[in-house]
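Structural description and commentary
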Amino acid sequence: GLPSALMSVDGASASDVYAVGADKGDGPLVLHFDGTSWKELPTGQHGDLWWVHAFPDGSAIMSGAGALVLRFMGGKFERLPNAGLGRQTIYGVWGLSPKDFYAVGSAAGRNGFVWHYKDGAFHDEALPADLPMVAHGEPPGFFKAWGSGDDVWVVGSGGTILHRKGDKPFERIPTAVKDILFTAHGAKDRLVAVGGGSNGVALESAPSGVHDVSSPGSALIQGVFVSDADGDWASGERGAIYHREGGKGAFKAVAHELPLPPAMSLHAIFVDASHEVWAVGGDVLSPALDSGVIVHFGKPIPNFVAHAEMTTANAAPAAVVCPKEVVEVAKDKSVARRWDEQALAAIRLDLPRPIV
């Protein structure tokens, strides 16, 4: 019931966990758990935060809408200047340190970019010439980056997986899917990328090639965490959680029996060094980006309780009734037009609107 959906969770340990999410007018929701209690961290910025990457020294990089990149070090937030535009969203960040990391994103889901922050500035990374083109012949959008040492991976629209080793340029890894790959995570010499459309998709890229490890009949999958010690975990639409024992075979749904609403989507999942599992989400599949939730598997921890000004949960909800004249006009119409209208209405008026 948090006012803001939470889109990402990551940490350096079970006593150093960050969760970040949407901006409902007072800045993005950023929470930190220190092993004893939760604390809300005001950023002093505006814009939805879509990802967080935590480092062992307690610092973190966060990214989101309006080309927003925040560095949290020494208890303070710093917005890192870049050449991004207001219409660009940085959906994913990963790096070796707060001074050496990658940021990936897109504008309206296409025209993807990969930036490398080093030597105190962002640098554009060259993209492969054989990228699959999406709408209007534009390059695909990119959504997440992950790496290990000098191995770096990027995933995005059109089933796109990019890989680079050391200083070599990014190369495209062919896949048999055309759906969006939202998130990727790996261990040693293997990577698991998840996404989908009407059904969930999970792909594993290993030296032997790319293999489909999707859970049969799964809904959209949005979060993934790979661990040789704890197996692979994934999460997604309808509050579903999946597990893959020992990183072998296909993902299987976990019967967690938590009372999550049907519209709930768990957008990200993380396993800490103490083998405890964290997942966050909310109403992330609509422009609302509300109804945030934190799910935890492990030893009992305290709940995060939003302060009064953050939520109107105690207020009686107003009754919602569709006017008869609207029902009459729309009885033989398609809902697709309404979706388009609502999507356009959710776009800030001071930004260019896409063609629908």
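Scroll up to find the structure this text is about.
First, a word on what this report is: a plain description of the structure on this page.

Quick look at the overall build of the protein
Scanning the protein from terminus to terminus reveals two helices and 27 strands. Here the protein holds 356 residues, and the buried ones make up 50% of them. Summing over all exposed atoms, the protein offers an accessible surface of approximately 17,400 Å²; the carbon and sulfur share of this is 55%.

Overview of the pattern of salt bridges
Pairing is possible between side chains of opposite charge, provided their charged atoms come close. This model, assessed by the stated rule, comprises eleven salt bridges. For the salt bridge of Asp150 with Lys165, the shortest nitrogen-to-oxygen distance reads 3.4 Å. Here the residue Asp150 occupies a position in the loop between β13 (142–148) and β14 (151–156), and Lys165 occupies one in strand β15 (residues 160–165), the gap between them amounting to 15 residues. Overall, Asp150 belongs to the partly exposed group, its relative accessible area being 43%. With a relative accessible area of 41%, Lys165 lands in the partly exposed category. Salt bridges sharing partners connect three or more residues here, namely Lys188, Arg190, Glu204, Asp228, Asp232 and Arg244.

Things to note about the environment of Ser214
The topology assignment puts Ser214 in the loop between β20 (209–212) and β21 (221–225). Overall, the relative accessible area of 14% leaves Ser214 in the buried class. For the pair Ser214 and Val194, spaced 20 residues apart in the sequence, the C-alpha separation amounts to 8.4 Å. Sequence-distant contacts of Ser214, defined by excluding residues within four places in its chain, comprise Gly200, Val201, Ala202, Ala250 and Phe251. At 2.6 Å, the side chain of Ser214 and the side chain of Asp212 are in polar contact.

A closer look at the sheet that holds strand β2 (residues 16–23)
Reading across from one edge, β1-β2-β3-β4 is the order of the four strands in this open sheet, with antiparallel pairing throughout. For this open sheet the edge positions go to β1 (6–13) and β4 (38–40), each flanked by a neighbour on one side alone. Across the sheet, the mean angle from the axis of one strand to that of its neighbour is 20°, orientation sign disregarded. Alignment of β1 against β2, held across six bridges, turns out to be antiparallel. Of the residues in β2, the one forming a bridge with Ser13 is Asp16.

Here we look at the side chain of His53
The topology assignment puts His53 in strand β5 (residues 49–54). Among the polar contacts listed, one links the side chain of His53 to the backbone oxygen of Gly95, at a separation of 3.1 Å. Among residues more than four places away in sequence, those in contact with His53 are Asp10, Ser59, Ala60, Ile61, Val93, Trp94 and Gly95.

A closer look at the sheet that holds strand β19 (residues 200–206)
Here we have four strands laid out as an open sheet, ordered β17-β18-β19-β20, and antiparallel in their pairing. Pairing within the sheet leaves two strands with one partner each, and these edge strands are β17 (180–187) and β20. The sheet shows a mean angle of 25° between the axes of neighbouring strands, direction not considered. Note that β19 and β20 share four bridges and pair antiparallel. Paired with Ala206 across the two strands is Gly209, which belongs to β20.

Observations regarding the pairing of β13
Of all seven residues that make up β13, six are buried, and the element is covered over most of its length. Two strands pair when backbone bridges link them, and β13 and β14 are joined in this way by six bridges, in the antiparallel orientation. The residue of β14 that forms the bridge with Ala145 is Val154. Taking the residues that link successive antiparallel strands as the turn, the β13-β14 hairpin has two residues, and the phi of Gly149 there is positive, at about 65°.

What to know about the nonpolar core
Grouped together as the largest cluster of nonpolar side chains are 40 residues, with contacts concentrated most on Leu31, Ile90 and Phe122. Looking at this core, the element that brings in the most residues is strand β25 (residues 265–271), giving five residues. Not counting residues within four places of it along the chain, the set of residues in contact with Phe122 comprises Val69, Leu80, Pro81, Asn82, Phe101, Ala103, Trp115, His116 and Tyr117. Ranked by size, the runner-up nonpolar core spans 22 residues in total, among them Val152, Leu162, Leu181 and Leu191.

Calculation criteria
Residues numbered from 1 in each chain as written. Predicted model: local features only at pLDDT ≥ 70, side-chain atom pairs only at ≥ 80, totals over all residues. Heavy atoms only, no water. Helix = DSSP H or I, 4+ residues; strand = E, 2+ residues; numbered from the N terminus. Buried < 20%, exposed > 50% of the residue type's maximum accessible area, 1.4 Å probe, protein only. Areas by Shrake-Rupley, 256 points an atom, 1.4 Å probe, with all protein chains shown as cover. Salt bridge = Lys/Arg side-chain N within 4 Å of Asp/Glu carboxyl O. Contact = heavy atoms within 4.5 Å. Polar contact = N/O pair within 3.5 Å; in protein donor to acceptor, adjacent residues only side chain to side chain. Pairing = 2+ DSSP bridges. Axes fitted to C-alpha atoms, helices over the stretch in contact; angles between N-to-C directions. Core = buried A, V, L, I, M, F, W, Y, C linked by side-chain atoms within 4.5 Å.

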